Amino acid sequence: MHVLSIPTWIIHISSVIEWIAAIWLIWIYGELTENRSWWGLSFAMLPALISAMCACTWHYFDNSESLEWLVNLQATMTLVGNFTLWAAAYVIWRSTKSAKPTETQSIKSEQ
């Protein structure tokens, strides 16, 4: 029998809700800071959300063999999500690095 316990379901569902809330809050942060690279992070989080939804769906239907393709989709979305999150983090890092004046620029502007 593959039935998940109630506490396990609570963790699965709350994790998905948490991830959706994080996507939304990061999007808002991008609006407030006017830094669009944060919006990129919101989009980069979507493959991981799809992965989590695949897992929940497969478990909901008691790990049915007819839905085993969801396991492959989950693994693929996890891999894609890891790369998109890495890329988004890099873009954010680059945007903050270029937004800050260097020490040399600060000294020249004071003179």
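Keep in mind it's a predicted model, so treat the numbers as computed, not measured. (Residues numbered from 1 in each chain as written. Predicted model: local features only at pLDDT ≥ 70, side-chain atom pairs only at ≥ 80, totals over all residues. Heavy atoms only, no water.)

> Residue-level account of the overall build of the protein chain, with values.
Within the protein chain one finds five helices and zero strands. Counting from the amino terminus, the protein chain carries its helices and strands in the arrangement α-α-α-α-α. Taken across its 111 residues, the protein chain has 23% of its residues classed as buried. Contacts spanning at least 24 positions in sequence make up 60% of the contacts within the protein chain whose residues lie at least 6 apart. For the protein chain, the computed accessible surface area is about 8,200 Å², with 67% contributed by carbon and sulfur atoms. (Helix = DSSP H or I, 4+ residues; strand = E, 2+ residues; numbered from the N terminus. Buried < 20%, exposed > 50% of the residue type's maximum accessible area, 1.4 Å probe, protein only. Contact = heavy atoms within 4.5 Å. Areas by Shrake-Rupley, 256 points an atom, 1.4 Å probe, with all protein chains shown as cover.)

> Any chance you could break down the packing of helix H1 (residues 6–33) against helix H3 (residues 46–60) for me, citing the residues and the numbers?
Packed helices, taken two at a time, are described by the angle between their axes plus the distance between the axes. Look at H1 against H3: their axes get within 10 Å of each other, and the N-to-C directions meet at 160 degrees. Taken as axis vectors, H1 and H3 run roughly antiparallel relative to one another. Viewed along their axes, H1 and H3 form a crossing whose handedness is left-handed. Judged by residue contacts, Trp-9, His-12, Val-16, Trp-19, Ile-20 and Ile-23 of H1 engage Leu-46, Ala-48, Leu-49, Ala-52, Met-53, Cys-56, His-59 and Tyr-60 from H3. (Axes fitted to C-alpha atoms, helices over the stretch in contact; angles between N-to-C directions. Parallel < 35°, antiparallel > 145°, perpendicular 65-115°, else oblique. Left-handed = near helix turned anticlockwise from the far one by under 90°.)

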